[in-house]
Amino acid sequence: MTVFVWILGQAFVNMGVVTTLLPVIGVPLPLISYGGSSLVSTLIGIGLVISFARADKAGRDRDCDHDQDDAEVASSNRATTPSAHR
């Protein structure tokens, strides 16, 4: 969320400068303006967000796999355990 607000804030400030609603302060338009340092920092921020999203998805997938494995083990234990009421 922080990276989103950062990029959105840069965009709004840039649009305000272009429309002369804000004074010129030198904030570049994210991912479009000429200049390497702003582009690199923006891409690093986006890369971190993508990395966190992929790690979170992998963690959720792993948790779902464990839940399925536990259910399969429980059902196989019920099937192979002799019943005392026969």
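Worth saying up front: this structure is predicted, and the values here are computed from it rather than measured.

> Pulling in residues and values, what's your account of the overall build of the protein?
The secondary structure content of the protein amounts to 2 helices and 0 strands. Contacts spanning at least 24 positions in sequence make up 30% of the contacts within the protein whose residues lie at least 6 apart. For the protein, the computed accessible surface area is about 7100 Å², with 66% contributed by carbon and sulfur atoms.

> Outline helix α1 (residues 2–18), listing residues and values.
With 17 residues, α1 extends 24 Å from end C-alpha to end C-alpha; this agrees with the ideal 24 Å at 1.5 Å per step. Among the residues making up α1, those that are buried are I7, Q10, A11, N14 and G16.

> Break down the environment of S33 for me, with residues and values.
In this fold, S33 is placed in the loop between α1 and α2 (36–80). Sequence spacing of S33 and N14 is 19 residues, and the spatial spacing of their C-alpha atoms is 9.9 Å. Filtering out sequence-adjacent residues up to four positions away, S33 remains in contact with N14 and P28.

> Explain a nonpolar patch on the surface to me, using residue names and the numbers behind them.
On the surface, a cluster of nonpolar side chains totalling about 670 Å² of accessible area is made up of M1, F4, V5, L8, F12 and M15. The topology assignment puts M15 in helix α1.

> So what about unusual backbone geometry? Which residues, and what values?
For T20, which is not glycine, the phi torsion reads 60° and is therefore positive. Relative to the elements of secondary structure, T20 occurs in the loop between α1 and α2. Non-glycine residue L31 carries a positive phi angle of around 65°. As for its placement among the helices and strands, L31 is situated in the loop between α1 and α2.

> How would you explain the side chain of Q10 if you had to name every residue and give the values?
Among the secondary structure elements, Q10 is positioned in helix α1. Residue Q10 is classed as buried on the basis of its relative accessible area of 13%. Contact partners of Q10, with chain neighbours within four places excluded, come to V27, P28, P30, S38 and T42.

> Lay out the environment of L8 with the relevant residues and their values.
Within the secondary structure, L8 sits in helix α1. Here the alpha-carbon distance between L8 and L29, two residues 21 residues apart in the chain, equals 9.6 Å.

> Before we move on, could you go through the side chain of T42 and cite the residues and values that matter?
Tracing the chain through its elements places T42 in helix α2. The class of T42 is buried, set by a relative accessible area of 0%. Sequence-distant contacts of T42, defined by excluding residues within four places in its chain, comprise W6, I7, Q10 and L31.

Cut-offs used in this document
Residues numbered from 1 in each chain as written. Predicted model: local features only at pLDDT ≥ 70, side-chain atom pairs only at ≥ 80, totals over all residues. Heavy atoms only, no water. Helix = DSSP H or I, 4+ residues; strand = E, 2+ residues; numbered from the N terminus. Contact = heavy atoms within 4.5 Å. Areas by Shrake-Rupley, 256 points an atom, 1.4 Å probe, with all protein chains shown as cover. Expected span 1.5 Å × (residues − 1). Buried < 20%, exposed > 50% of the residue type's maximum accessible area, 1.4 Å probe, protein only. Patch = residues over 30% accessible without salt bridge, like charges linked within 9 Å, V, L, I, M, F, W, Y side chains within 5 Å. Salt bridge = Lys/Arg side-chain N within 4 Å of Asp/Glu carboxyl O.

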